[in-house]
Amino acid sequence: MIWHKQWIFGNWKMNGNQAENAALLQALRSVSNNNAHIGIAAPFPYLSQAVDLLKNSQIVIGSQDCSQFAEKGAYTGEVSATMIKDCGAKFVLIGHSERRTYFNEQNQILRKKIDNALACDLIPILCVGETLAQRQAGQETAVVGEQLAVLQGLSVNHIAVAYEPVWAIGTGEVATGEQIAAMHAFLHKEILSIMGENVTIRTLYGGSVNANNAAEILSIDKVNGALVGGASLKAEAFSAIIANAQTE
Ligand code: PEP
């Protein structure tokens, strides 16, 4: 069912505290849209709080990352996929551009994270996207193609990928409709060729999505949802984006 809806997912990044989270989630817990699968990627310490506050709502909680290590043990500071699942989370973002930039995460490590998420029944959402310099050099599909290669040999029937051009994240600059349509067509074609024709795909666009541009972005062919950073921290803006999810 969720694999045929538009996915509207928020990414809080390193924001929030117990009081702010409670206020935001109280305001969001009654949102509903049958065309939408709604999620929020919260910081690790607040996963359980967010899961509790969203009980019986349409919104699921996930994390923004998980450890590359599968087993429990001597990995100080790490949080395993199993622990995230144990908190009631349903999904995990993998390879967000901020993880790639600040922690040099690349395919070898990202594949371990994907495998760990799948092993405990968390949905991995693989984030891909090119930098401004790479787009200006005409390398966007080559870069994203290389990032998608992490999916090779994965045996699942469903996959979710968020396309987030790095130059559009948190900048207020949104990719054009043509750029979004071209990349999403590429994503679908490439994923089918890597994973086989029977895989069900959700591709989300991310990068300065807000209440004003969501309707237009969500109506672009092969855009199956949105990953929303800054605007997911405001109940009114995130609700307005959710309201724009539509049947495909
Ligand atoms: C993000 O962090 O995934 C994101 C898309 O951020 P923003 O919406 O703020 O550009």
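This text follows the structure it describes.
In short, a report on the structure. Please read these numbers as outputs of a predicted model, since none were measured by experiment.

Bringing the nonpolar core into the picture now. Leu148, Leu151 and Ile191 are the most contacted members of the largest nonpolar core, which has 65 residues in total. At seven residues, helix H8 (residues 177-195) tops the list of elements feeding residues into this core. In this view, leucine 148 contacts Leu126, Val128, Val161, Phe186, Leu187, Glu190, Ile191 and Ile194; residues no more than four positions away in its chain are not counted. By size, the runner-up hydrophobic cluster in this structure holds 13 residues, among which are Trp3, Phe91, Leu93 and Ile125.

Below, the discussion takes up the site of the ligand. Not every one of the 14 residues close to the ligand is listed here, only the nearest: Lys13, Glu164, Gly170, Ser208 and Gly229. Taking histidine 96, its side chain carries an N or O atom lying 3.0 Å from an oxygen atom of the ligand. Within the backbone of serine 208, one N or O atom sits 2.8 Å away from an oxygen atom of the ligand. The protein chains hide 95% of the 290 Å² of surface that the ligand would expose on its own. Taken together, the residues that form the shell around the ligand break down as four nonpolar, eight polar and two charged.

A few words on the side chain of asparagine 116. Tracing the chain through its elements places asparagine 116 in helix H5 (residues 107-119). Not counting residues up to four positions away in its chain, the partners in contact with asparagine 116 are Ser67, Gln68, Phe69, Ala70 and Ala81.

The strand order around the closed barrel built from eight strands is E1-E2-E3-E4-E5-E6-E7-E8, with neighbouring strands paired in parallel fashion. Across this sheet, the average inter-strand angle for adjacent strands is 25°, counted without regard to direction. Looking at chain direction, strand E7 (residues 200-206) and strand E8 (residues 225-228) are connected through two bridges and run parallel. Bridge assignment links tyrosine 205 to a residue of E8, and that residue is alanine 226.

Next up on the list: helix H10 (residues 235-243). What sets the pattern is the α-helix's 3.6 residues per turn: residues three or four places apart point alike. Taken together, the buried positions of H10 are Ala235, Ala237, Phe238, Ile241 and Ile242. In this structure, the buried residues of H10 make contact with strand E1 (6-11), helix H1 (18-28), strand E2 (36-42), helix H9 (214-218) and E8.

Here the structure, examined in full by the defined rule, presents ten salt bridges. Glutamate 130 is the partner of arginine 135 in a salt bridge, and the nearest nitrogen-oxygen pair spans 2.7 Å. Here arginine 135 and glutamate 130 have matching classes, each one buried. Here aspartate 221 makes a salt bridge to lysine 222, at a shortest N to O gap of 3.8 Å. The structure contains a network of salt bridges with shared partners spanning Asp65, Arg99, Glu105 and Lys113.

In this section: H1. Buried within H1 are the following residues: Asn21, Leu24, Leu25 and Leu28. For H1, the buried positions fall inside an angular range of 95° around the axis, keeping them on one side. Exposed positions of H1 whose direction lies more than 90 degrees from the buried face are Ala19 and Ala23. Structurally, H1 contributes buried residues whose contacts are with E2, helix H2 (47-53), strand E3 (59-63) and H10. Of the residues that open H1, the one with a side-chain oxygen 3.1 Å from the backbone nitrogen of alanine 19 is asparagine 17.

Criteria and thresholds
- Residues numbered from 1 in each chain as written.
- Predicted model: local features only at pLDDT ≥ 70, side-chain atom pairs only at ≥ 80, totals over all residues.
- Heavy atoms only, no water.
- Core = buried A, V, L, I, M, F, W, Y, C linked by side-chain atoms within 4.5 Å.
- Buried < 20%, exposed > 50% of the residue type's maximum accessible area, 1.4 Å probe, protein only.
- Helix = DSSP H or I, 4+ residues; strand = E, 2+ residues; numbered from the N terminus.
- Contact = heavy atoms within 4.5 Å.
- Near = heavy atom within 4 Å.
- Polar contact = N/O pair within 3.5 Å; in protein donor to acceptor, adjacent residues only side chain to side chain.
- Areas by Shrake-Rupley, 256 points an atom, 1.4 Å probe, with all protein chains shown as cover.
- Nonpolar A, V, L, I, M, F, W, Y, C, P; charged D, E, K, R; others polar.
- Pairing = 2+ DSSP bridges.
- Axes fitted to C-alpha atoms, helices over the stretch in contact; angles between N-to-C directions.
- Salt bridge = Lys/Arg side-chain N within 4 Å of Asp/Glu carboxyl O.
- Arc of directions from axis to C-beta.

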